[in-house]
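Commentary on secondary and tertiary structure
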Amino acid sequence: TISFPPPDGEFELMKYRITSNISLPFKLIAIVNERGRNRVEYDIEIKPNFSEKLFATNVLVKIPVPENATAKAKQIKVKGGKAKYHPTHQAIVWKFKRFPGTVDGYRLQAEVNRLHSVQDKPWVRPPILLEFQVPMYCSSGLHVRFLQVLERYKPTKWVRYITQAGAYQIRI
């Protein structure tokens, strides 16, 4: 039980962070194959792990590419969302404005070519980064079951849950 005199207007009562027993909102399956010294193939699939009544917003998947890579738009194929190679970020950036919980998943297939270089350094694969927000989804399982406001006036009672990515990384 939390008891306090509420301030006027909207306010944040509680904010918390957990590190275990988390129900992750997305499942990401990444297959990255280096074909020889000049080509890298990607097959990335992302699936929602939340209710079909919910949707994620501003989903961004940042897939790292080797330093000396080049990619053309025709080498990136997506089934859902928009993907583009960003040489300044050394990554393929895959964006979704709205990601519904009803879909079976989306897939990205891409191929990048590596430029020939004098130094043939092995590629150390950085993790895939995932950014998102899922309104009304609580990955910790913590829910407010009862809310009682004892005041003279009639307040609007509501609870907002939001799950957003902190450092959501998938090793490849």
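Structure report, in brief. Keep in mind that this is a model prediction, so the values were computed, not measured.

**What to know about the pairing of strand β2 (residues 39–48)**
In this sheet, β2 lies alongside strand β1 (residues 26–35) in antiparallel orientation, the contact comprising ten bridges. Across the sheet, E34 pairs through a bridge with V40, a residue of β2. Between β1 and β2, which pair antiparallel and follow one another directly, the connecting turn spans three residues, one of which, G36, has a positive phi of 70 degrees. Where β2 and strand β8 (residues 106–114) come together, eight bridges link them in antiparallel fashion. Counted as the bridge partner of E41 is E111 from β8.

**Notes on the side chain of R114**
By the element assignment, R114 lies in strand β8. Its relative accessible area of 12% is what places R114 among the buried residues. Filtering out sequence-adjacent residues up to four positions away, R114 remains in contact with E34, R37, N38, R39, V40, P66, N68, A69, K121 and W123.

Reading guide: rules and limits
Residues numbered from 1 in each chain as written. Predicted model: local features only at pLDDT ≥ 70, side-chain atom pairs only at ≥ 80, totals over all residues. Heavy atoms only, no water. Pairing = 2+ DSSP bridges. Helix = DSSP H or I, 4+ residues; strand = E, 2+ residues; numbered from the N terminus. Buried < 20%, exposed > 50% of the residue type's maximum accessible area, 1.4 Å probe, protein only. Contact = heavy atoms within 4.5 Å.

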